[in-house]
Every structure is written in structure tokens, then in C-alpha cells.
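Chain by chain, the residues:
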Amino acid sequence: MSGLLGGCRCGAVRYVLALDQLPGTYACHCLDCQTWSGSAFSQQTFAPELALTVTGQLTIYEFITPSGNVSTQRMCGTCHTRIFNSNSARPGVVVVRAGTLDRSDELETVAHIWVKRKQPWLRLPEEAPRWLEGAPPAQLIQALASAVGR
Ligand SMILES: [Zn+2]
Ligand SMILES: [Zn+2]
């Protein structure tokens, strides 16, 4: 099967992302992402929902965002690796946890959001687009698209 392959830590969940090449990714440095990942930031990318085919048992966690939208998080039902999420404000689009791609060693992180919460040791490339808080989705998607094939 063509496309990009990925999956969770334990292997119970696997997916195919039907894209021709690796997508540009962005880092979110917000406190929620630091807490959730147990790390300095989360690394993710946008994809059309129809491009993502998942096999294996997913566990779902839903919550209402401060703006009143429903965020639906999907993780492996066994090892609880977060795989992707969607938001009722952006129908048809999924946010994929880019570190779950098998080829994550080839990814580039080209944009940064919530940099006001960034850990101080982390130096961002000067040319990388960044936002102090969340970015308007259209601007972020454009920043990622402009990086593909660079
Ligand atoms: Zn798993
Ligand atoms: Zn975040």
C-alpha cells in the first residue's frame, strides 16, 4: 500500500496516511502539549481526514475547548499513544501526531506555536514562522505547505 505508514508504540494500532511525501510539521509549545506529551512540545501536522486509514482499536477522549468546540483525541487502546485528533471547528481535517510516523527521523519542524510557553533551552531557527499563542489554522497550514519539497 502506498502512502506514509505509522503507528503506536506497541504496534496494536497502525495507519496509512495517503500523502505523496512527508508533510511539514509544526511544534506546539503550550502547557497542555508539554503535560500531555511529557516532553518539551508536541509535533504534529494537518491532513485530510479521508487520507488517513487506521487499523486497530482506538480509545477516544473528548473534551470541550475554551472556544466551545469539541476536541476528539484518538489513542491506542493498549499503550495509549496519541495518534491523531480532530476538532468540530475544522470538519474533515485531522491533526496527526507526527512522531508516530515510521519515518519520523526524516521530518522537519518548520513552524512553532505557543512559543510564549517554550522551554528556554530550545533555540528556534530564525527563519521559522512562529506565533506567541495559537496560529490561525489557515496561516499555519500555509506555512507547512510552503515547506514541503524544500
Ligand atoms: Zn499501542
Ligand atoms: Zn499545544
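## A short note on the overall build of the protein chain
For the protein chain, the helix and strand inventory stands at two helices and 10 strands. Its C-alpha atoms give the protein chain a radius of gyration of 15 Å, near enough to 15 Å, the size a compact globule of 150 residues would have. With the C-alpha coordinates aligned to their principal axes, the bounding extent of the protein chain is approximately 40 × 35 × 30 Å. Out of the 150 residues belonging to the protein chain, those deemed buried represent 42%. Counting only contacts in the protein chain whose residues sit at least 6 apart along the sequence, the fraction spanning at least 24 positions is 51%. As displayed, the protein chain has an accessible area near 8400 Å², and 53% of this comes from carbon and sulfur atoms. Measuring between centres, the 13 positive side-chain charges of the protein chain sit 6 Å from its 11 negative side-chain charges.

## Topic: the sheet that holds strand β7 (residues 70-76)
Strand order in the open sheet made by the seven strands is β6-β7-β8-β9-β4-β3-β10, with mixed pairing throughout. Two strands bound the open sheet, and with one partner strand each, they are β6 (58-64) and β10 (109-113). Across this sheet, the average inter-strand angle for adjacent strands is 30°, counted without regard to direction. As paired elements, strand β3 (residues 25-28) and β10 share four bridges and run parallel to each other.

## Looking at the layout of surface pockets
Roughly 890 Å³ of internal volume is contained in the largest pocket. For the largest pocket, the lining is made up of 31 residues, of which Cys28, Thr65, Asn87, Arg90 and Trp114 are closest to its centre. Counting only elements with at least two residues in the lining of the largest pocket, the list comes to β3, α1 (31-37), β4 (42-48), β7, β8 (82-87), β9 (93-97) and α2 (137-147). When its volume is computed, the second largest pocket comes out at roughly 310 Å³.

## Brief notes about α2
Among the residues making up α2, those that are buried are Leu140, Ala143, Leu144 and Ala147. Seen along its axis, α2 keeps its buried residues to an arc of 95°; they face one direction. Facing away from the buried side of α2, by more than 90 degrees, are the exposed residues Ala138, Gln142 and Ser146. Check the buried side of α2 and you find it contacts β3, β4 and β10.

## Quick look at the sheet that holds strand β2 (residues 14-17)
Taken together, three strands build an open sheet; the order of strands is β1-β2-β5 and the sheet is antiparallel. Both outer strands of the open sheet, β1 (4-7) and β5 (52-55), are each paired with one neighbouring strand and no more. Direction aside, neighbouring strands of the sheet carry axes that sit 20° apart on average. Bridge analysis of β2 against β5 gives four bridges, and the strand direction is antiparallel. Looking at the pairing, arginine 14 lines up with threonine 55 of β5.

## With respect to the coordination of the zinc ion (ligand 1)
Distances from the zinc ion (ligand 1) to its protein donors, Cys8 (SG), Cys10 (SG), Cys76 (SG) and Cys79 (SG), fall within 2.3 to 2.4 Å. One way to put it: the four donor atoms around the zinc ion (ligand 1) meet at angles of 106 to 111°, and that makes the site tetrahedral. Residue classification places cysteine 8 among the buried residues on the basis of a relative accessible area of 10%.

## Observations concerning the environment of serine 67
Assignment of secondary structure puts serine 67 in the loop between β6 and β7. Spatially, the C-alpha atom of serine 67 lies 28 Å from that of glycine 77, the residues being 10 residues apart in sequence. Separated by 3.3 Å, the side chains of serine 67 and asparagine 69 make a polar contact.

Quick notes on the rules
Residues numbered from 1 in each chain as written. Chains lettered and ligands numbered in written order. Predicted model: local features only at pLDDT ≥ 70, side-chain atom pairs only at ≥ 80, totals over all residues. Heavy atoms only, no water. Helix = DSSP H or I, 4+ residues; strand = E, 2+ residues; numbered from the N terminus. Rg over C-alpha atoms; globule rule 2.2 N^0.38 Å. Buried < 20%, exposed > 50% of the residue type's maximum accessible area, 1.4 Å probe, protein only. Contact = heavy atoms within 4.5 Å. Areas by Shrake-Rupley, 256 points an atom, 1.4 Å probe, with all protein chains shown as cover. Lys, Arg positive; Asp, Glu negative; His and termini not counted. Charge placed at Lys NZ, Arg CZ, Asp CG, Glu CD. Pairing = 2+ DSSP bridges. Axes fitted to C-alpha atoms, helices over the stretch in contact; angles between N-to-C directions. 1 Å grid on protein atoms, 1.4 Å probe; cavity = no way out; pocket = protein on both sides within 12 Å on 5 of 7 lines; lining within 4 Å. Points joined across faces, edges and corners; volume = space filled by probe spheres on them. Arc of directions from axis to C-beta. Donors = N, O, S within 2.8 Å, 3.2 Å for Na, K, Ca; no water. Tetrahedral: all angles 85-135°; square planar, octahedral: opposite > 155°, others 65-115°. Polar contact = N/O pair within 3.5 Å; in protein donor to acceptor, adjacent residues only side chain to side chain.

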